[in-house]
Amino acid sequence: MTLNTATQHDNLLNSLLPQLGQLIPAQFIITEVEQLHAYECDAFTTMRQLPLLTVLPETIEQVQHVMRCCNHLNIPVVARGAGTGLTAGSMPVENGVLLGMSKFNQIHDIDLNNRTALIDPGVRNQSVSDAVAPHNLYFAPDPSSQLACSVGGNVAENAGGVHCLKYGLTVHNILELELVTIEGELITLGSAALDAAGYDLTAIMTGSEGLLGIIVKIRVKLLPIPASTRVMLAAFATIEDAGHAIAAVIGAGIIPAGLEMIDQTGIRAIEELMHAGYPVDAAAVIICELDGSAAEVEDELNNVISIFTGLNATDIQIANSAEESKRIWAARKAAFPALARLAPDNYIMDGTIPRRALAQVWKQINQLADQYQLQVVNVFHAGDGNMHPSILFDSSDDDQHQRAFELGTRILELCIEVGGTISGEHGIGLEKINQMCLQFSPIELQQFHALKQAFDAKQLLNPGKQIPTLARCAEFNAMHVHHGEMPFPHLERF
Amino acid sequence: MQAVAEQVFPGALTQDQARDQAQSLANQVEQAFVNQQPLVICGGGSKRFYGRPLEGETLSLSDYQGIVSYEPSELVITARAGTPLQVIETVLAEQGQMLGFEPPHYADNATLGGTIACGLSGPRRPYSGAARDFVLGVTMINGKGEILRFGGQVMKNVAGYDVSRLMSGAQGTLGVLLEISLKVIPMPAHEETRVLSCSQQQMQTLLCDLGRQPLPISATLFHNDQLYIRLSGATAGVHSAAQIIGGERLSTDQFWLQAKEQQHPFFHPAQPCWRLSLPPAAAAVPDALARHQLIEWGGAQRWLYSEADPCQIIQWAEANGGHATAVDRSEPGHTLFHPLSNALLPLTQRIKQSFDPAGILNPGRLYTEL
Ligand SMILES: Cc1cc2nc3c(=O)[nH]c(=O)nc-3n(C[C@H](O)[C@H](O)[C@H](O)COP(=O)(O)OP(=O)(O)OC[C@H]3O[C@@H](n4cnc5c(N)ncnc54)[C@H](O)[C@@H]3O)c2cc1C
């Protein structure tokens, strides 16, 4: 911090603290640098920034008060759920307030007749399903981070998980949101009914990454737990066969509850850590979960087996008990720690592509990996084309670090080229803000900014995240010329 | 299954024709923006009754037709807004697929654009989702005449704000839809409808109970003390569920089509009808407000005829966690939409302004203020 910004920092603190203090107990406001370090980043740990202060309100009135104070003093506000985001979305901004929502952790009402629950945004994803399990109900969105992440964060990121092919993303599983605006106003969006009057503002809030307002209450939809669930694992000798197998299952009219794919390095890393019996010689394995009535699931299971066999599956394991299913899934969900053992750092990408391009993109990623002399591992949601190539590298080596990020950008470009997108579930945050310039034209970005303006005229909510400024894009596009060629010559530039 | 792209049918444009036409539509909007001239966006006209009075020059999308891409194994169809809904449903059915929200047509000339703009969903809505839930991406013209693309053709996409879903139900007040990508679902292998005699109270209790069980229910309708429950899915699953539910088996297959298209005898096309959208287990509408009712969506959508003061109906719906719309199919311009709250209205106006700064797209169709 230079002297100038240090003074600015102190001045801001001196004007903000007394105002906040009018309604917020001192112990809810953190200003000690040592304690602030706990909030300097989310799970994308390569980017860090200390906030001016962290405030941990416990009532909606207190959130409203924080917003009014910050709005009055033009101080930016960044909301934080559990901080498991992977795109620096809840990383603080310099001289801004970090609004931690962790004290909002109550489940207020479980409405069995309407199959909904009214919850605080800080409630952990898994806690919702745990709380309603005795009633044979569950909350469908299941990001791998569900033990830790908050439902507020799920809404802000429109999080998904292995079950979203069949049961949708967060946006499909929430009915109503209470929102505090930057002016401190409390607004209800959606309703306890299946639709509400006016524009569908719950849709626009979902995935808005804390840029449009603070979510302070959520009414989630609950689903009955399926009567029967079967899990199987199939091994393939080539990536092409595995890719075709995915398309064939969907093409046959079967929508599995989960359809995941793991490449050879991934299989080996997972097997070494979890000893789940994964076939380590396979080029790829597919995990397929089917659910429904017992009769229906048996039917589909037989269909899937014959599809996989017809497409040269080398090994098919069918879990015959809940424990065996659990073992297969537990191993898949441990992919992240398993990969962490392979290299000091792991840069997880998150792009979605049309399923038909799976094999092709996978091959091209491997070629790119060779070109950049880095290892890339693929463990991902194949059913909905959501790829998570993990780039292994060592951040203490500047050159590797640089190559890892360039490779990441090339992979995202590849996703756009085949008609996909640069984020399927992790969001944009700060991590992928430059790549937004590749996916969207300047007029589209301007439309995003205009929409943001409707919610937050002074640009105080999570500024600098998710939607790049046109100036930023101009700079990025200028830097981003490969071999003298523009990456997308047919797209409009300025 | 074979990949199907660029479906050809009478009226479908080639890519070049489509590009020219999209540009010419955008030019018309830009001209209207410059002249501050209101436009009435027009698809097939099948839902012109659904909205408030409109005045302005017609911007017709009805020639902007064509299925741009459809690959059954991707579960995604992309089509131009003027494409007749019928064409889309036929093409999907040939591949054993369907639109999961079972949109009402109301007439043969319904277009895809009008369907998504109105955001109406049919009997399957509570069980597989609303129109907006199936929207993956759109190409649209905003109120300045700019052609913009949001979302895409993939299942999961969280890059930027979810503008495409916002367009569903906005009734053209935020943009002219040019092209829409929708998620589609496999058609169920088997369907069966069970009919039970019961009171409204019994229906509520039964549906609450069934709703907590994993049964393949895909529609319900309650009228004149008869409860109709449709089951869809694999044959074995439907049979076992039918046994749990009991009742009689319904023999006609026209029933749900009639319900969806409001051709059920309950509906009088010449009389204004109220639609109440409520939490499914909300209280029964009091007799003082309506004696005659038809209840769908597991209790969440209730149609009624009423002589009561509209304010009373609106207040009752709101007090019970929902909202009310009065629809008059006999005459365009008579729909009464539930008023927006004092907190919501200014925000909604600012959103409208961000897409349509001159207020030229279907002004007043939803609310006088939009
Ligand atoms: C090991 C691991 C596995 C993961 N797997 C998945 C996965 O399978 N699928 C998936 O989708 N994601 C996954 N994630 C990413 C992450 O868990 C999700 O994005 C999650 O939704 C973030 O929730 P959070 O509470 O941690 O939010 P944070 O990280 O705290 O915040 C995320 C964003 O939400 C905003 N925000 C948080 N709370 C609010 C609020 N109340 N109001 C307004 N804005 C708010 C923040 O400003 C920020 O922009 C994974 C992460 C990890 C570490």
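Residues numbered from 1 in each chain as written. Chains lettered and ligands numbered in written order. Predicted model: local features only at pLDDT ≥ 70, side-chain atom pairs only at ≥ 80, totals over all residues. Heavy atoms only, no water.

- An unreviewed UniProt entry lists chain B under the name Glycolate oxidase FAD binding subunit, from Amphritea japonica ATCC BAA-1530.

- The name given to chain A in an unreviewed UniProt entry is Glycolate oxidase, and the organism recorded there is Amphritea japonica ATCC BAA-1530.
- The annotation that UniProt attaches to chain A under Cofactor (unreviewed entry) is "FAD". (UniProt positions renumbered as here; feature names shortened; annotations may be inferred.)

## Here's the deal with the overall build of chain B
Right, on to step 1. Scanning chain B for helices and strands turns up 11 helices and 18 strands.
Right, on to step 2. Taken against the 2.2 N^0.38 rule, which gives 21 Å for 370 residues, the C-alpha radius of gyration of chain B at 21 Å falls within 12% of a compact globule.
Right, on to step 3. Taken over the C-alpha atoms alone, chain B extends approximately 60 × 55 × 35 Å along its principal axes.
Right, on to step 4. Residue burial in chain B is summarised as follows: out of 370 residues, 62% are buried. (Helix = DSSP H or I, 4+ residues; strand = E, 2+ residues; numbered from the N terminus. Rg over C-alpha atoms; globule rule 2.2 N^0.38 Å. Buried < 20%, exposed > 50% of the residue type's maximum accessible area, 1.4 Å probe, protein only.)

## Some points on the UniProt feature "domain: FAD-binding PCMH-type" (unreviewed entry) in chain A
Right, on to step 1. In the numbering used here, UniProt assigns the "domain: FAD-binding PCMH-type" (unreviewed entry) feature to residues 47–225 of chain A.
Right, on to step 2. Counting secondary structure, residues 47–225 of chain A comes out at 21% helix and 25% strand; the distance between its end C-alpha atoms is 39 Å.

## Digging into the pairing of strand E20 (residues 389–393) of chain A
Residues and elements named next belong to chain A.
Right, on to step 1. Buried residues dominate E20, accounting for 5 of its 5 residues.
Right, on to step 2. Of the two faces of E20, both are covered, the one formed by Pro389, Ile391 and Phe393 as well as the one formed by Ser390 and Leu392.
Right, on to step 3. Across 4 bridges, the pairing between strand E16 (residues 345–348) and E20 is antiparallel. The residue bridging Asn346 from the neighbouring strand is Leu392, located in E20.
Right, on to step 4. Bridge count for strand E18 (residues 375–380) against E20 is 4 bridges, and the pairing is antiparallel. Each bridged residue has a counterpart across the sheet, and for Gln375 the counterpart in E20 is Leu392. (Pairing = 2+ DSSP bridges.)

## Notes on the site of the ligand
All names here are of chain A.
Right, on to step 1. Among the 34 residues in the neighbourhood of the ligand, the closest are listed as Ala79, Gly81, Thr84, Ser145 and Ser150.
Right, on to step 2. Ser90 places a side-chain nitrogen or oxygen 3.5 Å from an oxygen atom of the ligand.
Right, on to step 3. In the model, a nitrogen atom of the ligand is placed 3.1 Å from a nitrogen or oxygen of the Glu425 side chain.
Right, on to step 4. Coverage of the ligand by the protein chains reaches 94% of its 980 Å² of free accessible surface.
Right, on to step 5. Elements with a minimum of two residues in the shell around the ligand: strand E3 (77–80), helix H5 (151–157) and strand E10 (214–221).
Right, on to step 6. At 5 residues, the largest contribution of residues to the shell around the ligand is made by H5.
Right, on to step 7. The residue makeup of the shell around the ligand, split by class, is 13 nonpolar, 17 polar and 4 charged. (Near = heavy atom within 4 Å. Polar contact = N/O pair within 3.5 Å; in protein donor to acceptor, adjacent residues only side chain to side chain. Areas by Shrake-Rupley, 256 points an atom, 1.4 Å probe, with all protein chains shown as cover. Nonpolar A, V, L, I, M, F, W, Y, C, P; charged D, E, K, R; others polar.)

## What to know about the interface of chain A and chain B
Right, on to step 1. Counting from both sides, the interface comprises 84 residues of chain A and, opposite them, 68 residues of chain B.
Right, on to step 2. Of the roughly 6200 Å² buried between chain A and chain B, counting both surfaces, carbon and sulfur atoms make up 61%.
Right, on to step 3. It is Leu194, Tyr199 and Gln447 of chain A in chain A that bury the most area against chain B; as a group they hold 14% of the surface buried on that side.
Right, on to step 4. Counting across the interface, chain A meets chain B through 5 salt bridges.
Right, on to step 5. Run the count over chain A and chain B and you get 27 residue pairs in polar contact (both at pLDDT 80 or more).
Right, on to step 6. Put simply, the parts of the chain that give the side of chain A that touches chain B at least two residues each are helix H6 (164–167), strand E9 (186–190), helix H7 (201–205), helix H8 (239–251), helix H10 (294–310), helix H15 (436–439) and helix H16 (442–455) of chain A.
Right, on to step 7. No other element matches H16 of chain A, which puts 9 residues into the side of chain A that touches chain B. (Contact = heavy atoms within 4.5 Å. Buried area = accessible area lost by both parts, 1.4 Å probe. Salt bridge = Lys/Arg side-chain N within 4 Å of Asp/Glu carboxyl O.)

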